Amino acid sequence: MAKLKTDSIAQADLIDFLDNHSDFSFELQVLNTLMDNGFSCEHGGSYEDKATKKAREYDIRATRVVDKNFLRLAVECKNLRPNFPLLISCVPRREEEAFHEIVISVNPEKHQLEEPPEIYSPAMLAQSKNVRLTGEHTHYRAGEPVGKSCHQVGRLVGQKSNDIFATDSDVYAKWSQALSSADDLTYLACTDGNDRTGDLALSLVFPILVVPNGQLWITEYDSDGNRLKNPETINRCSYFVNLSYFHHGGFTGNELTISHLEFVTVDGLVEFIASIIGDEQKLEFSFPLSHVRHKLYE
């Protein structure tokens, strides 16, 4: 912990913190943006981190349901300032990174995800299965820029003008929290068909870190490390994480892999939502029941 002055904190100091350093008002802006786009939201709750077994807080968990399709977002907010923005370094996405996974979940009394044994009860059957979407079926295409490194960048006080300071620690804490929060949403996704539609459901889970407009920058490299572009501001950048979560399905269960984290601005959050469910064609692409229906044993 940094060494503090011994002076008492006054009202003016607290106002300075609220106006210039607190993330809370920015969280409310993001929360209202999500609700304006049709999401039901939980704001400022807690959960148990399955890795550390410690209680952790999340900023926002958002869900939008369209028919039997569930879009679930684990959202963290970071109120970056112009003197310390976020820079993402990108390379072309490799073929093996070009995928995302969707969960198909069912009521076992109506649908089966596996051939049932001769004698069984519905409780013995799998309730969910993850389906990996690749090629023309994924939102994450090979060859497109994908984030692989991120830093906040600023200049040191009282130093020479060329003294640059860069760190990934603060933003890493936030986006790792989005990934941890997504674990619980993955569990909910596995039960949507049985517990929420009573039939079947398709569910997508995305971890998201939101920063203010104008504070997200990217630069692009080729696969040999040559920088192709000078940094430029952007509203959205996907970041490869390839993190697997175990989710329960019947007596065995299986793993759902979150392939990418989304770094977005507030405007980029709206654009991201539109890219997933903005119209009937995008909705059908994001929740391709006809493409994954072969996973049902009927």
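Residues numbered from 1 in each chain as written. Predicted model: local features only at pLDDT ≥ 70, side-chain atom pairs only at ≥ 80, totals over all residues. Heavy atoms only, no water.

This part covers the side chain of His139. Note that His139 resides in the loop between strand E8 (128–134) and strand E9 (145–155). Side-chain polar atoms of His139 contact the side chain of Ser286, separated by 3.0 Å. Every residue in contact with His139, bar those within four places of it in the chain, is listed here: His100, Glu144, Ser275, Ile276, Phe285 and Ser286. (Helix = DSSP H or I, 4+ residues; strand = E, 2+ residues; numbered from the N terminus. Polar contact = N/O pair within 3.5 Å; in protein donor to acceptor, adjacent residues only side chain to side chain. Contact = heavy atoms within 4.5 Å.)

With 21 residues, helix H3 (residues 169–189) ought to run about 30 Å at 1.5 Å a step, and its terminal C-alpha atoms sit 30 Å apart, in line with that. Roughly 25 degrees is the biggest bend found in H3, and it falls at Asp183. For H3, a buried count of 15 out of 21 residues is recorded, marking the element as mostly surrounded by other parts of the structure. (Expected span 1.5 Å × (residues − 1). Bend = angle between axes of the 7 residues up to and from the residue. Buried < 20%, exposed > 50% of the residue type's maximum accessible area, 1.4 Å probe, protein only.)

With eight of eight residues buried, strand E7 (residues 99–106) lies mostly within the body of the structure. Burial of E7 is two-sided: the residues Phe99, Glu101, Val103 and Ser105 facing one way and the residues His100, Ile102, Ile104 and Val106 facing the other way are all buried. Here E7 pairs with E8 via seven bridges, running antiparallel. The residue of E8 that forms the bridge with Val103 is Asn130. Bridge count for E7 against strand E11 (residues 200–211) is four bridges, and the pairing is antiparallel. For Ile104, the partnering residue across the bridge sits in E11 and is Leu202. (Pairing = 2+ DSSP bridges.)

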